[in-house]
Amino acid sequence: MHLSLRAGERVYVNGAVLRVDRRVSLELLNEATFLLEHHVLQPEEATTPLRQLYFAAQIMLIDPSKAEEARSLYGRLHEGLMGALANAEIRAGLDAALALVAGGRPFEALKLIRGLYPAEDAVLARVPAPPPRVPARRRA
């Protein structure tokens, strides 16, 4: 796995926070959990239910010593969301993210949850979500 970082950027690797002082490329040669700084959600940014779920999954990557506690919190948040939400897209995404977390793949769960933010924003704003993009058909 190759990571390219800009000067001053941070990366979280197996619970350690690394900051580089100049542009650098890193190659991870073995299994490691990592999270790039621009994907890290700060506590004060966890203002919606999905962002709170994201934050719990993120803790599993950033602080492995708290992974079990974060996994338990994730499960409780997931259960609460499933009981409160009717949106089929979000529900399906939450189930898929839960399976990823249960399978030890919280990084992939984070990507999936981030992809659900627009649908959540639409639900919270009580406006219809934009329709899925369908490629235009070509005329013969």
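Up top is the structure these notes are about.
Just so it is clear, the model here is predicted, and its values are computed rather than measured. The residue numbering used here restarts from 1 in each chain and proceeds along that chain's sequence as written. Whole-chain, interface and lining totals are the exception, using all residues; otherwise, since this is a predicted model, local features are given only for residues with pLDDT of at least 70 and side-chain atom pairs are given and counted only at 80 or more. With hydrogens and water set aside, each side-chain value is computed from the structure's full complement of heavy atoms.

Just to check I follow, could you spell out the side chain of Q58 for this structure?
Put simply, DSSP H or I for four residues or longer makes a helix, DSSP E for two residues or longer makes a strand, and each gets a number counted from the N terminus. Inspection of the secondary structure assignment puts Q58 in helix α1 (residues 49-62). Judged by its relative accessible area of 2%, Q58 is buried. In protein, a polar contact means a hydrogen-donor-capable atom and an acceptor-capable atom, both N or O and within 3.5 Å, with residues adjacent in sequence counting only if both atoms are side-chain atoms; elsewhere, any N or O pair within 3.5 Å suffices. In this structure the side chain of Q58 is engaged in a polar contact, spanning 2.6 Å, whose partner is the backbone nitrogen of L41. Q58 has contacts with L35, H39, V40, L41 and L110, leaving out every residue within four places of it along the chain. In this scheme, a residue with accessible area under 20% of its type's maximum is buried, one over 50% is exposed, and one in between is partly exposed, where area comes from a 1.4 Å probe on protein chains only. Contacts are assigned to residue pairs that have any heavy atoms within 4.5 Å of one another.

Please explain the sheet that holds strand β2 (residues 10-13) as it appears in this structure.
Strands belonging to one sheet form pairs held by backbone hydrogen bonds; the direction of such a pair is parallel or antiparallel. Strand pairing is defined by DSSP finding a minimum of two bridges between the two strands. Within the open sheet, the three strands sit side by side as β3-β2-β5. Their pairing is antiparallel. Pairing within the sheet leaves two strands with one partner each, and these edge strands are β3 (16-19) and β5 (34-36). Between one strand axis and the next, the sheet turns through 20 degrees on average, direction left out of account. The pairing of β2 with β3 spans four bridges and is antiparallel. The partner of R10 across the bridge, within β3, is R19. In this description, a line fitted to the C-alpha atoms serves as the axis of each element, helices being fitted only across the stretch in contact, and the angle between N-to-C directions of two axes falls anywhere from 0 to 180 degrees.

It is not clear to me how the pairing of β2 should be interpreted in this structure. Could you clarify?
Successive residues of a regular strand alternate their side chains across the two faces of the sheet. The turn joining β2 and β3, which pair antiparallel and follow one another in sequence, is formed by two residues; a positive phi near 50 degrees is taken by N14. Across three bridges, β2 lies against β5 in antiparallel orientation. Bridging from a neighbouring strand, V13 pairs with F34 of β5.

What exactly am I supposed to notice about the environment of M60 here?
Of note, M60 is situated in helix α1. The exposure class assigned to M60 is buried, which follows from its relative accessible area of 5%. Between the C-alpha atoms of M60 and Y74, which are 14 residues apart in sequence, the distance is 9.7 Å. Setting aside its immediate chain neighbours within four residues, M60 contacts A67, A70, R71, Y74, V101 and P106.

Just to check I follow, could you spell out the nonpolar core for this structure?
When a protein is soluble and globular, its nonpolar side chains tend to lie buried together. Judged by nonpolar contacts, the single largest core of 28 residues is most densely connected at L35, L50, L53, Y74, L94 and I113. The set of elements that each furnish at least two residues to this core consists of α1, α2 (67-84), α3 (88-102) and α4 (106-125). L5, L28, F34 and L36 belong to the second largest nonpolar core, which has eight residues in total. Among the buried residues, those of types Ala, Val, Leu, Ile, Met, Phe, Trp, Tyr and Cys that are joined through side-chain atoms within 4.5 Å form a nonpolar core.

What is the right way to look at α3 in this model?
Owing to its 3.6 residues per turn, the α-helix aligns residues three or four sequence positions apart on the same side. Here, expected helix span is obtained from the residue count minus one, scaled by 1.5 Å. The first and last C-alpha atoms of α3 sit 21 Å apart over 15 residues, in line with the 21 Å expected at 1.5 Å per residue. I90, G93, L94, A97, L100 and V101 are the residues of α3 that are buried. Seen along its axis, α3 keeps its buried residues to an arc of 120 degrees; they face one direction. Of the exposed residues in α3, the ones pointing more than 90 degrees away from its buried face are A88, A99 and A102. Looking at the buried side of α3, the elements it contacts are α1, α2 and α4. For α3, the side-chain oxygen to backbone nitrogen distance between the N-cap and E89 is 3.0 Å, and the N-cap itself is N87. Directions drawn from the helix axis to the C-beta atoms are what define this arc.

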